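Here's the letter readout for the chains.
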Amino acid sequence: MRIGILGSGLMGGKLGTLFARAGHDVVFSYARSEPKLRRLAREAQGNARHGTPAEAAREADALLLAVHWSRVDDVLKQAGDLSGKVLVTCSLPMNAPSTKLVVAHTTSGAEVLAKKLPRAKVVAAFGTVPSEVLFDVFEARRKATRPSMLYCGEDAGAKQVAATLIRDVGFDPVDAGPLRIARYTEPFSLLIARLAYEGDGGPELAYRFERLGK
Ligand SMILES: NC(=O)c1ccc[n+]([C@@H]2O[C@H](COP(=O)([O-])OP(=O)(O)OC[C@H]3O[C@@H](n4cnc5c(N)ncnc54)[C@H](OP(=O)(O)O)[C@@H]3O)[C@@H](O)[C@H]2O)c1
């Protein structure tokens, strides 16, 4: 697939690199310096290049939105028309110091995003994992036991695209249902971050869903 990265920081830089290593064509966009985007593309060791958000969006089969909540409007404006595009978001609706969610319970960042972009196909994924573990998960992707990753969205085709990307990075995709489930996965992401950085487990702490009973 052709994947446009909107926000090439900790999440976008790493996920874009892994998408490229998994065989996808990747365009890194949106960082404060062009040399950084160029370096990411060079070091991805796959079919990767850098461009503007509009260039990343133009021919993309899927876009990854990975910016701080305060930058969402800016990057979307630069990306231009996203009608019909699959937009996978890991961006959590955090306040400026990233201490709390600015929307929760009755809606979610993913739903707010879908309202902003009614013609795009929004899927929430990757927000429930600390960026630090992504490379290790990718390295271990051929092991029998993979960590789970929840994703949710409305469009079946877009969700299949997201599930493919989740699998390619090394997780076991778990369809959590419609986009409104992000009301629960976004606070869950905060729990994961708290456990990772304030508990004893570190970011390597994984979650896995198992069927209980028969
Ligand atoms: N980090 C995690 O472990 C993690 C886990 C789950 C979810 N998330 C969510 O994922 C999203 C991205 O997080 P992140 O940690 O990847 O953030 P980040 O490292 O700050 O990346 C954001 C990207 O936006 C770019 N950017 C910021 N301001 C800009 C501006 N004015 N002009 C152009 N580019 C600009 C940054 O540029 P520079 O590269 O030049 O700084 C960076 O490439 C957030 O919504 C976060 O809540 C993060």
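The preceding data block contains the structure.
Residues numbered from 1 in each chain as written. Predicted model: local features only at pLDDT ≥ 70, side-chain atom pairs only at ≥ 80, totals over all residues. Heavy atoms only, no water.

1. Describing helix α1 (residues 10-21)
And step 1. In this model α1 runs 17 Å from its N-terminal to its C-terminal C-alpha over 12 residues, within 8% of the 16 Å that 1.5 Å per residue would give.
And step 2. Along α1, 9 of the 12 residues are buried, which leaves the element largely enclosed by surrounding structure.
And step 3. Within α1, burial applies to Met11, Gly12, Gly13, Leu15, Gly16, Thr17, Leu18, Phe19 and Ala20. (Helix = DSSP H or I, 4+ residues; strand = E, 2+ residues; numbered from the N terminus. Expected span 1.5 Å × (residues − 1). Buried < 20%, exposed > 50% of the residue type's maximum accessible area, 1.4 Å probe, protein only.)

2. Focus on the nonpolar core
And step 1. With 41 residues, the main nonpolar core has Phe19, Phe28 and Phe126 as its most contacted residues.
And step 2. Discounting chain neighbours no more than four positions away, the residues touching phenylalanine 126 are Met11, Leu15, Phe19, Leu64, Val88, Cys90, Met149, Leu165, Ile166 and Val169.
And step 3. Ala56, Val67, Leu76 and Leu179 belong to the second largest nonpolar core, which has 26 residues in total. (Core = buried A, V, L, I, M, F, W, Y, C linked by side-chain atoms within 4.5 Å. Contact = heavy atoms within 4.5 Å.)

3. Some words on the site of the ligand
And step 1. Around the ligand there are 19 residues in total, and Met11, Arg32, Lys36, Val67 and Ser131 lie nearest to it.
And step 2. Serine 8 is positioned such that a nitrogen or oxygen atom in its backbone is 3.3 Å from an oxygen atom of the ligand.
And step 3. Between the ligand and arginine 32 there is a distance of 2.8 Å, counted from an oxygen atom to a side-chain nitrogen or oxygen.
And step 4. Protein burial of the ligand: of its 880 Å² of free accessible surface, 77% is covered by the chains.
And step 5. Its residues assigned to classes, the shell around the ligand comprises 10 nonpolar, 6 polar and 3 charged. (Near = heavy atom within 4 Å. Polar contact = N/O pair within 3.5 Å; in protein donor to acceptor, adjacent residues only side chain to side chain. Areas by Shrake-Rupley, 256 points an atom, 1.4 Å probe, with all protein chains shown as cover. Nonpolar A, V, L, I, M, F, W, Y, C, P; charged D, E, K, R; others polar.)

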